[in-house]
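Observations on the model geometry
This is what each chain is made of:
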Amino acid sequence: MYNYSLFLPINHYNRHPLLQRQVKHGSRSFCFNFKAFSDLMSFMERHFSSADQAIIVRSHAKARFLFRTLSAACTLTFVGALMEPFFPVSAEETQRLAYIYKRSRPERRLPTNFWIPFFDDSQSPTYEIVFAVEIYLICVEIVQNIISASVIPMLVSYMMGQYKIICKYAAMVGRTHRNSNGEVIYYTNIERNEFVIQTRRIRLRMCQDEYDQVFVGQLVRFHQKLIKFQKMVSLDFWFRLV
């Protein structure tokens, strides 16, 4: 069974002493965000099926690919802003910067341009301070955008894997179930791939129709859990997190 919190380690941070101190001092909104993520990860660990490891591995690989791709895209986008001051510009552009932002040394450019009243941000030490602050803010934006852009696609990829598992079992309704050795089996928990093997001593005390009802009941309960998870990651719930 996959430990989903290892990929999004919210439970660890939710127990961090600094966070606990913030809770005591009334930072409820920050705590709620972490608690909501923690509940989401806990739900996945408790209720997501681990019956088909091949599907689980593919879902995990897809989620990891999405995370890395979106992380690279977000990082490269903001790295461009960090590199912008080092690219050459025309004399006309330099004069325009000097006029708009009231800079005495317009050749000393910043990653992003904004006007600070009563300060010449091209002079030291203002230039160095503003440059460092902008780098910090860009790094924060990189992390924030990576999380906001990748979490939902990753959760959707895991959920798609769960629906593939439930479709696999739905196609088995009405059939005699067998394991890889060809032995007749009866599922007791399709979410955990738990079953009993029919032997001379162990025989199902019900007809096939009754077993199908039990089997379909397991499918329905599993599907209801997936619907609950869909509601948890709906846009309305997501906007309450941020």
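For the protein chain, the Subcellular location (unreviewed entry) comment in UniProt is given as "Membrane".

**Topic: the overall build of the protein chain**
The secondary structure content of the protein chain amounts to eight helices and two strands. Burial statistics for the protein chain: of 242 residues in total, 36% are counted as buried. For the protein chain, restricting intrachain contacts to residue pairs at least 6 apart in sequence, the fraction spanning at least 24 positions comes to 65%. Carbon together with sulfur atoms contributes 61% to the accessible area of the protein chain, which is approximately 15300 Å² in total.

**What to know about helix α7 (residues 208-232)**
An α-helical segment advances 3.6 residues per turn. Residues three or four places apart therefore align on the same side. Across its 25 residues, α7 extends 36 Å between first and last C-alpha, which sits within 8% of the 36 Å expected from 1.5 Å per residue. The set of residues buried in α7 consists of Y211, D212, F215, G217, Q218, L219, F222, L226, F229 and M232.

**Remarks on the packing of aromatic side chains**
For the structure on display, the rule yields nine aromatic pairs. Ring plane angle 75 degrees and centroid distance 5.8 Å describe the contact between Y187 and F195, whose orientation is recorded as edge-to-face. Residue Y187 is classed as buried on the basis of its relative accessible area, which comes to 9%. Summarising the aromatic geometry, the rings of Y187 and F215 are spaced 5.9 Å apart at their centres and angled 45 degrees between planes, so their arrangement reads as tilted.

**What to know about the pairing of strand β1 (residues 185-189)**
Pairing geometry for β1 and strand β2 (residues 194-197), over four bridges, is antiparallel. Within β2, the position partnered with Y187 by the bridge is F195. With antiparallel pairing between neighbouring strands as the criterion, β1 and β2 make up a hairpin whose turn holds four residues, including N193 at a positive phi of roughly 55 degrees.

**Remarks on the side chain of D52**
With respect to the helices, strands and loops of the structure, D52 is situated in the loop between α3 (28-47) and α4 (53-83). Of the polar contacts made by the side chain of D52, one reaches the backbone nitrogen of A54; its length is 3.1 Å. Residues within four places of D52 in sequence aside, it is in contact with I165 and K168.

**Notes on the environment of Q208**
For Q208, the location among the structural elements is in helix α7. Under the relative-accessibility criterion, Q208 is labelled partly exposed at 33%. Along the backbone, Q208 and G174 are 34 residues apart, and their C-alpha atoms lie at a distance of 7.6 Å. The contacts of Q208, once residues within four sequence positions are left out, are G174 and R175.

**Section: the packing of α4 against helix α6 (residues 126-170)**
Two elements in contact, α4 and α6, have axes separated by 8 Å at closest approach and are oriented at 160 degrees. If you check the angle between α4 and α6, you find them roughly antiparallel. By crossing handedness, the relation of α4 to α6 is classed as right-handed.

**Some remarks on the nonpolar core**
Ranked by internal contacts, the top residues of the largest apolar core, which has 32 residues, are L155, Y169, Y187, F215 and F229. Of all elements in the fold, only α3, α4, α6, β1 and α7 reach the threshold of two or more residues within this core. Residue contributions to this core peak at eight residues, all from α6. With residues near it in sequence (within four places) discarded, F215 still touches Y169, M172, V173, H177, Y187 and I190. The next biggest cluster of nonpolar side chains, apart from the first, holds six residues, and it includes C74, F78, I138 and I146.

**Focus: the confidence of the model for the protein chain**
In this model, the protein chain carries an average pLDDT of 77, and 79% of its residues clear a pLDDT of 70 or more. For the stretch residues 5-32, pLDDT sits under 50, and the model shows 33 contacts to residues farther than four places along the chain or on other chains.

The rules we used
- Residues numbered from 1 in each chain as written.
- Predicted model: local features only at pLDDT ≥ 70, side-chain atom pairs only at ≥ 80, totals over all residues.
- Heavy atoms only, no water.
- UniProt positions renumbered as here; feature names shortened; annotations may be inferred.
- Helix = DSSP H or I, 4+ residues; strand = E, 2+ residues; numbered from the N terminus.
- Buried < 20%, exposed > 50% of the residue type's maximum accessible area, 1.4 Å probe, protein only.
- Contact = heavy atoms within 4.5 Å.
- Areas by Shrake-Rupley, 256 points an atom, 1.4 Å probe, with all protein chains shown as cover.
- Expected span 1.5 Å × (residues − 1).
- Phe/Tyr/Trp six-rings, centres within 6.5 Å; stacked < 30°, edge-to-face > 60°.
- Pairing = 2+ DSSP bridges.
- Polar contact = N/O pair within 3.5 Å; in protein donor to acceptor, adjacent residues only side chain to side chain.
- Axes fitted to C-alpha atoms, helices over the stretch in contact; angles between N-to-C directions.
- Parallel < 35°, antiparallel > 145°, perpendicular 65-115°, else oblique.
- Left-handed = near helix turned anticlockwise from the far one by under 90°.
- Core = buried A, V, L, I, M, F, W, Y, C linked by side-chain atoms within 4.5 Å.
- pLDDT = per-residue confidence, 0-100.

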